[in-house]
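Descriptive structure summary
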Amino acid sequence: MTTRLLIVDDEILVRVALKTLIPWEAHGFEIIGEAANGVEALELLNRGTCQIILSDIRMPEMNGLDLMNHVRVKWPAIKFIILSNHNDFEYVQKALRLGAADYTLKLAYTPEELLDKCKRLQQFFHNEEQERTEKDKLDYKIKALERKSAELTLLDLLVKQRSKLEVDHLQRDGNLPPFVTEGCRVIVAGVDHYRQVLEENRFQSEQLLFYTVSNIFAEILKKYDKCQLVDMHNRKLVILAGAYSEGMLEELMVAGSTFAKVKVSFGVSGDYCSPYQLNEGFRQADQALARRFFHEDCPILYPLAEADEVQPKVSILKSGHWSSLLDTGEQAVILEELRRWIARLQEEEGMGTAWVREQWLQWLHLVCQHMGPSDHILYVMPEHQGKYPFDVIRNAETLREIGHWFLGWLPEAIALTGQNSQPVYRDEVKQMITIMEEEYASSLKVADLARRTGFAENYLSVMFKKETGVKIVDYLTQIRMQKARELLRNPTYKIYEIAEMVGYADSNHFSKYFKKIEGLFPLEYRKTMTGRKQGSLENPSKTKE
């Protein structure tokens, strides 16, 4: 780091000597200028400050002592080395009392002596800078730990109901921000089209996605008083706002879209919450955000009024009516009824998202029953838009997304069902299907099937797809997934054992494919099945006509 230096002396020869006799640059110094008196020196300092001033004492207009007084007020960190004559001793004493770091006699100094004095000051500044840097680092760490501690405390209050005594202790010890003590709104933020954003891989990881959005929000919230950002570590960020406005959320949305290229929605608690009510406020805000399932175009959502909340009890699926429609095979009529079904579900917001997804599962079961004697037919159907029915029902973010996908999928399903209701395949295709159904647990490949049926691999693949509507690999994968689905209902098998039993040496590879079709990882699926009551797709209840 360069040490900046200013020369102040009314004698031009002294200034020239000071500049030329000492190799300043070689020792890390930069001369920012020279002045003939204190007035000129102050003008130079106003344009750019320095660390050291070499100053004469006796000068016209403003002497060295007056210059020191001005500098001490405005630039207290600057150090002076006084240049004096033999008869200036009294002035030197005054200069030292004013804080001069050192002095030297003009007519007696050597360049080396003056350079050493300046180098000692240079080392002082260097040490001071190091100490300041270390202190800044320590202060930053302390503040970061304090922020982290405060965030963890707030996180704990948000996710758990705490007793009055516990909250009283937190307030007494000053562990809560003042605005939280006074009362705040709880706001839950979520990234829209979450899976699509991750699949685009612009952020490389889920962690980086939320780190980016969190940093953007934190920067915007600096301009708002009484705000605290809390990372919930579950795809959601929480904002505690002592002074709430929709304008603040709109600014956050614009920033997220501009800088991270993501769309964000917000759920807001119904009222201002005291520290004792943060858990309830978070529940309200989270439920409000969940309403986005029904209101895709509304980015700021509030809780339903209590009068609108209903506890679901029975299915609204008219199974007999749907069975009759599917029997007709009239696609236009079936799709129109599907649109009415979607609209009816849209009206049932009070029943909740989970209930609506369950209705879709029951509807899918009904459609599958019409397709064939078992659900197996669902597993040999080709994907639509890169997705499968279970995955869409369980993971689509909005009701509109589910409805739009099934409006495209159902005609294909009906067409394939009609095509394959009484399939008459060539003997080679029948042979391949038999091999796959019997040997799915082995490391079966298309090349093996080609060799055993006596056809070229490419020809066999084209022929199979033409007759069944599905690629050989997809057909085999879906058979394996159907078998895995059955095995997962037996809790005695471990996941890696099931993976091996259906032909996967790598359990991670198996889990990836299972998730793509079912919308759940194998362990999640097992938990769902073991905890599922009557009324599910796997064990459908009687539906209300």
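Presented here is a report on the structure given in the accompanying data block. (Residues numbered from 1 in each chain as written. Predicted model: local features only at pLDDT ≥ 70, side-chain atom pairs only at ≥ 80, totals over all residues. Heavy atoms only, no water.)

This part is about the environment of Thr 181. Structurally, Thr 181 can be placed in helix H7 (residues 178-182). Residue Thr 181 is classed as partly exposed on the basis of its relative accessible area, which comes to 35%. Taking C-alpha positions, Thr 181 is 66 Å from Thr 468, a pair spaced 287 residues apart along the chain. (Helix = DSSP H or I, 4+ residues; strand = E, 2+ residues; numbered from the N terminus. Buried < 20%, exposed > 50% of the residue type's maximum accessible area, 1.4 Å probe, protein only.)

On to the layout of surface pockets, then. Roughly 1,200 Å³ of volume is contained in the largest pocket. Along the wall of the largest pocket there are 35 residues; nearest its centre are Tyr 194, Arg 195, Arg 235, Asn 395 and Glu 397. Contributions of two or more residues to the lining of the largest pocket are made by strand E6 (185-191), helix H8 (194-200), helix H11 (278-290), helix H14 (353-371), helix H15 (389-395) and helix H22 (507-518). For the second largest pocket, the calculated volume is near 880 Å³. If you trace the second largest pocket, you find 25 residues lining it, with Arg 147, Glu 151, Ser 214, Ala 218 and Leu 229 closest to the centre. (1 Å grid on protein atoms, 1.4 Å probe; cavity = no way out; pocket = protein on both sides within 12 Å on 5 of 7 lines; lining within 4 Å. Points joined across faces, edges and corners; volume = space filled by probe spheres on them.)

Looking now at the sheet that holds strand E2 (residues 29-35). Taken in spatial order, the 5 strands make up an open sheet running E2-E1-E3-E4-E5, and their pairing is parallel. Two strands close off the open sheet at either side, each with one partner strand: E2 and strand E5 (102-105). Neighbouring strand axes in the sheet, compared pairwise and without regard to direction, differ in orientation by 20° on average. Where strand E4 (residues 79-84) lies against E5, 4 bridges are found, and the strand directions are parallel. Pairing of Ile 82 across the sheet is with Tyr 103, part of E5. (Pairing = 2+ DSSP bridges. Axes fitted to C-alpha atoms, helices over the stretch in contact; angles between N-to-C directions.)

Note that side chains of opposite charge can pair when their charged atoms are close. Throughout the structure, instances matching the rule amount to 36 salt bridges. The salt bridge partner of Asp 156 is Lys 160, with a shortest N-O separation of 3.7 Å. Using a relative accessible area of 43% as the deciding quantity, one classes Lys 160 as partly exposed. Salt-bridge contacts for Glu 251 lead to Lys 223; the nearest nitrogen and oxygen are separated by 3.1 Å. With a gap of 28 residues between them, Glu 251 in helix H10 (residues 246-260) and Lys 223 in the loop between helix H9 (206-221) and strand E7 (227-231) connect regions that are remote in the sequence. You can call Glu 251 partly exposed: its relative accessible area is 23%. Lys 223 sits in the exposed class, given a relative accessible area of 57%. (Salt bridge = Lys/Arg side-chain N within 4 Å of Asp/Glu carboxyl O.)

The values reported here are purely geometric and, on their own, carry no functional implication.
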